[in-house]
Amino acid sequence: PTSQCSSGGHPEVARGRDGVLWFATPRGIASIDPATAAYNRVPPPVVVEQMRVDDVEQHSTGSVSVAPGHTRYSFLYAGLSYIAPQRVRYRYRLDGFDRAWIDAGAQRQAEYTNLRPGWYTFRVIAENNDGVWNRTGATVRFRVQPHVYQTVWFALALLGVLLLAAYAVYHLRVLQMQAQFRAVLAERSRIAREIHDTLAQGFVGISLQLETAKRLLAGANRAATEQIEQALALAVSSLQEARRSIWDLRAEGQQTASLPARLAEAVQQARKKTNAEITIEVHGGYRALPQTAAEELLRIAQEALANAVRHSRAEMIAVELRYEPASVQLCVRDDGKGFTQQRAEQARAGGHFGLTGMAERARLMGARLDVRSETTGTVLTCTLPVQTENRSEKAAEG
């Protein structure tokens, strides 16, 4: 329905024998010959007339470089048509930003805001009044420059600064650990000197005095001679232990023999001080322990052997080292006279801290120490969990 082709009568449209179409209109008869009608097959040329950045026109024969800090980008374009310029239609897209073409209709301007740094290409194509597209269109290539903090060099420099800071922290930590280690070594050396100059020298003096007393009492009193010989053997053994402690303190972390071998040596030394039968057994698959943990276990075994030799009057002493999947267990048992809790407290009050020292060593390396004593013997068990080895070593070093 249209008022332009309505004469009020019929027919409104008619076709002549020659193919001409006739239309009845309010203002008269209009005709058209379809055989001679023109079809616009020429795609409209397209140009980008201007590119504006924050309303400032950009002039460049090639690609445009935009300084950082701008927010609004405008493009003005036009398509040429002599037949029907008002019916030209446009589509545009910004490569690097748009994912598809944008249908702009007859609009001749496109705007973008807050583009990220990088390269972009603005493209625009046009369609004439008969639907023929200019697929080539027009393009403008431009680059939005980044701020300094958005550049790759800035990121690399920041990464380098972070790496240097991390290395500085690591180096500082290494220096602190080295200083602590030197302090520990200095203290160990001081203790070694003190033991050498006081305790060891005292044992040497005692040994010399006992040797002299032995010679003076030779043949005079057999019982006194035997007591002096026992005291001399004890002094010599204590001197050896003092020298061993000095060596351990001076070793500064050097590798030593395995724990079973050192236990066997301790048992061999204990056999020289008693007539009791001392045995040693090792069960399970051997695995190396941290040096601190192995040293503490050895000291506990030595103290337990010394107590059994001196105080228990045992006829049999057994040392057992057992390597379990989740722990290492040391057990020292004897068939001596044992002791009560009251006697242990009396011994502690009298200056004997053997049990206290063993308990402190066990606690230091994260182990559990159990001491059971009856009238017919004593059993000491120290169990070191495998998972606490590293922690115990660190705690001992601290």
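None of these values were measured; they are calculated from a predicted model.

## Considering the packing of aromatic side chains
All told, the structure shown has 12 aromatic pairs when counted by the stated rule. On the numbers, 5.7 Å between centres and 45° between planes, the contact of Phe-75 with Phe-142 is tilted. Of this pair, Phe-75 sits in strand β7 (residues 72–79) while Phe-142 sits in strand β12 (residues 133–144), and the two are 67 residues apart along the sequence. Accessibility classification places Phe-75 together with Phe-142 in one group, the buried group.

## Considering unusual backbone geometry
Here the phi dihedral of Asp-55 falls at roughly 65°; this positive angle occurs in a residue that is not glycine. Looking at the secondary structure, you find Asp-55 in the loop between β4 (46–53) and β5 (56–57). A positive phi is found at Arg-313, a non-glycine position, where the angle reads about 55°. By the element assignment, Arg-313 lies in the loop between α4 (291–312) and β14 (316–323). Here Arg-313 falls in the exposed class, since its relative accessible area comes to 71%.

## Let's talk about the sheet that holds strand β13 (residues 277–283)
One open sheet holds the 5 strands; their spatial order is β13-β14-β15-β17-β16, and the pairing between them is mixed. A strand with exactly one partner marks an edge of an open sheet, and here the two such strands are β13 and β16 (368–374). Strand-to-strand, the axes of this sheet are offset by a mean angle of 10°, without reference to chain direction. Across the sheet, α4 is in contact with β13, β14, β15 (327–334) and β17 (377–385); its angle to β15 comes to roughly 10°.

## With respect to the nonpolar core
Leu-297, Ile-317 and Leu-330 are the most contacted members of the largest nonpolar core, which has 33 residues in total. Counting residues per element, the ones that place at least two in this core are α3 (259–271), α4, β14, β15, α6 (354–364) and β17. Per-element accounting of this core gives the leading share, 10 residues, to α4. In this structure, Val-46, Val-53, Phe-122 and Ala-126 belong to the second largest nonpolar core, which totals 24 residues.

## Thoughts on the sheet that holds β12
The strand order across the open sheet formed by 5 strands is β6-β12-β11-β8-β9, and the pairing between neighbours is mixed. Looking at which strands have only one partner, the edges of the open sheet turn out to be β6 (64–66) and β9 (102–105). On average, adjacent strands in this sheet sit at an angle of 30° to one another, irrespective of strand direction. Pairing analysis gives 3 bridges linking β6 to β12, with the strands arranged parallel. The partner of Val-64 across the bridge, within β12, is Phe-142.

## Let's talk about the environment of Thr-383
Mapped onto the secondary structure, Thr-383 falls in strand β17. Distance from Thr-383 to Leu-297, taken between C-alpha atoms, is 9.4 Å for residues 86 residues apart in sequence. What Thr-383 contacts, discounting residues up to four positions off in sequence, is Ser-327, Val-328, Gln-329, Ala-367 and Arg-368.

## Remarks on the packing of α3 against α4
At a minimum axis distance of 10 Å, the contact between α3 and α4 shows a crossing angle of 20°. In terms of orientation, α3 and α4 fall into the roughly parallel class. Here α3 and α4 pass one another in a crossing that is right-handed. Touching Leu-259, Arg-262, Leu-263, Ala-266, Val-267 and Ala-270 of α3 are Ala-294, Glu-295, Leu-297, Leu-298, Ala-301, Gln-302, Leu-305 and Val-309, all from α4. Class assignment for the residues of the contact of α3 with α4 results in 11 nonpolar, 1 polar and 2 charged.

## A short note on the pattern of salt bridges
Scanning all chains against the criterion turns up 11 salt bridges. Of the charged contacts, one joins Glu-295 and Arg-262 as a salt bridge, the two residues approaching to 2.9 Å between their closest N and O atoms. Of this pair, Glu-295 sits in helix α4 while Arg-262 sits in helix α3, and the two are 33 residues apart along the sequence. Pair check on accessibility: Glu-295 and Arg-262 agree, each one buried.

## Digging into the pairing of β12
The sheet contact formed by strand β11 (residues 118–127) and β12 spans 9 bridges and is antiparallel. The residue of β12 that forms the bridge with Tyr-120 is Phe-142. Turn length for the β11-β12 hairpin, with the two strands adjacent in sequence and antiparallel, is 5 residues, and the turn residue Gly-131 shows positive phi of about 85°.

Conventions and cut-offs
- Residues numbered from 1 in each chain as written.
- Predicted model: local features only at pLDDT ≥ 70, side-chain atom pairs only at ≥ 80, totals over all residues.
- Heavy atoms only, no water.
- Phe/Tyr/Trp six-rings, centres within 6.5 Å; stacked < 30°, edge-to-face > 60°.
- Helix = DSSP H or I, 4+ residues; strand = E, 2+ residues; numbered from the N terminus.
- Buried < 20%, exposed > 50% of the residue type's maximum accessible area, 1.4 Å probe, protein only.
- Pairing = 2+ DSSP bridges.
- Axes fitted to C-alpha atoms, helices over the stretch in contact; angles between N-to-C directions.
- Contact = heavy atoms within 4.5 Å.
- Core = buried A, V, L, I, M, F, W, Y, C linked by side-chain atoms within 4.5 Å.
- Parallel < 35°, antiparallel > 145°, perpendicular 65-115°, else oblique.
- Left-handed = near helix turned anticlockwise from the far one by under 90°.
- Nonpolar A, V, L, I, M, F, W, Y, C, P; charged D, E, K, R; others polar.
- Salt bridge = Lys/Arg side-chain N within 4 Å of Asp/Glu carboxyl O.

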